[in-house]
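A structural walkthrough
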Amino acid sequence: MASNEKLNALDRTDDGATSHVVKLDNSKKYNNSKRKINQICRNLTLDTKSFIPIKSVEQIAVYLRTKDKMTRILYSEISNYMFNMESEQRMVFLTNVESLLIFSLDVGNLSGVILDKDPDTLVDDIAKIIVKIYDHTQLVNYQIENMNTIFAQSISDAKLDLHKETKGIEKEYISILGIFAAIVLAFVGGITFSSSVLQNIGKVSIYRLLVVVVMLAFVIVNVIWLLIKFIAEINDKDIKLFKIGLFDTVCGILMIGIIVAWALNLEQVAQFISTYLPWCK
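Here we come to the nonpolar core. Grouped together as the largest cluster of nonpolar side chains are 28 residues, with contacts concentrated most on Ile-60, Phe-93, Ile-126 and Ile-133. Secondary-structure elements contributing two or more residues to this core are helix 2 (28–44), helix 3 (53–65), helix 4 (75–83), helix 5 (87–104) and helix 7 (119–199). No other element matches helix 7, which puts seven residues into this core. Core analysis: the second largest hydrophobic core is formed by ten residues, Cys-251, Met-255, Ile-258 and Ala-261 among them.

Turning to the environment of Leu-227, a few remarks are in order. Summarising the element assignment, Leu-227 is placed in helix 8 (residues 206–234). Judged by relative accessible area, Leu-227 falls into the partly exposed class, the value being 23%. Through-space distance from the C-alpha of Leu-227 to that of Ser-175 is 9.7 Å; in sequence the pair is 52 residues apart.

Here the focus is the packing of helix 2 against helix 4. Each pair of packed helices can be summarised by the angle the axes make with each other and by the distance between the axes. Closest axis-to-axis distance for the helix 2/helix 4 pair is 9 Å, and the angle between their directions is 40°. One way to sum up the angle between helix 2 and helix 4 is to call them oblique. Judged by the twist between their axes, the crossing of helix 2 over helix 4 is right-handed. Across the interface between the two elements, Tyr-30, Lys-34, Ile-37, Asn-38, Cys-41 and Arg-42 from helix 2 touch Glu-77, Ile-78 and Tyr-81 from helix 4. Residue classes in the contact of helix 2 with helix 4 are distributed as five nonpolar, one polar and three charged.

By the definition in use, this model includes one aromatic pair. Between Tyr-81 and Phe-93, the ring centres sit 6.3 Å apart and the planes meet at 35°, which makes this aromatic pair tilted. With Tyr-81 in helix 4 and Phe-93 in helix 5, this pair connects stretches of sequence that are twelve residues apart. The burial state of Tyr-81 is the same as that of Phe-93; both residues are buried.

Tracing the chain through its elements places Lys-36 in helix 2. Excluding residues that lie within four positions of it along the chain, Lys-36 makes contacts with Val-62, Tyr-63 and Thr-66.

What counts and what doesn't
Residues numbered from 1 in each chain as written. Predicted model: local features only at pLDDT ≥ 70, side-chain atom pairs only at ≥ 80, totals over all residues. Heavy atoms only, no water. Core = buried A, V, L, I, M, F, W, Y, C linked by side-chain atoms within 4.5 Å. Buried < 20%, exposed > 50% of the residue type's maximum accessible area, 1.4 Å probe, protein only. Helix = DSSP H or I, 4+ residues; strand = E, 2+ residues; numbered from the N terminus. Axes fitted to C-alpha atoms, helices over the stretch in contact; angles between N-to-C directions. Parallel < 35°, antiparallel > 145°, perpendicular 65-115°, else oblique. Left-handed = near helix turned anticlockwise from the far one by under 90°. Contact = heavy atoms within 4.5 Å. Nonpolar A, V, L, I, M, F, W, Y, C, P; charged D, E, K, R; others polar. Phe/Tyr/Trp six-rings, centres within 6.5 Å; stacked < 30°, edge-to-face > 60°.

In structure tokens form, the structure reads like this:
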């Protein structure tokens with residue numbers, strides 16, 4: 001309530017009556033200046049072949065002779081006009097402005113269209129306005145190009161960030177699926193392996209049974225290791241808790257020892273294994 005009272009107080013005169021708020025759009029000078037500038041800009045958007053510089057000079061001269069005009073040209077209208085252009089239209093506009101500037105550099109060209117009590121002053125004013133229009137249009141063009149460059153760079157950076165984020169999500173999905181696959185493979189392989197060993201434990205010799213056990217253990221552990229290693233590699237991690245080389249060495253030594261004992265038919269070794277190993281009792 002207090003803020004509303006302050007705002008109402010700003011709109012009142014000394015005698016307490018509400019003052020009339022003047023809007024810029026209600027200004028005759030502003031509207032006339034805006035309309036004249038738009039006419040000049042529309043003439044500058046003509047096709048380069050159809051553009052006649054003297055027409056723009058005449059429009060500027062009419063603007064200068066107008067009594068109800070602002071003391072300075074409205075650069076904001078020129079900027080707004082250019083910002084609403086397509087790239088090709090803007091290039092045509094700039095080319096025509098450059099042609100107008102070249103035309104205005106010859107004072108004789110301007111004097112040919114001036115019919116006034118003070119032609120020299122009017123010629124100078126027209127030349128100054130043309131230079132200001134050229135300078136301002138170049139500035140606006142630089143701003144637009146910089147904005148486009150920044151916008152394009154922002155899009156490129158956003159695409160790169162999105163690609164990195166998507167790649168990271170893909171790695172996470174692969175890691176999760178890999179972990180589940182490793183768990184399933186370990187359990188299924190272990191259960192199947194245990195069932196097969198237990199079912200056939202009394203049907204084969206102890207050497208053959210041990211060879212199969214060591215080979216299956218070697219294959220299952222190495223397959224799981226490779227899967228875990230692959231998951232670690234795609235996530236830029238290094239596994240240091242378990243070295244597969246030591247396990248493979250032990251399996252190799254066991255395999256060689258079992259094969260040698262089997263080849264030499266060492267009955268004492270078989271009897272020892274059958275007697276003291278828990279799963280053979």
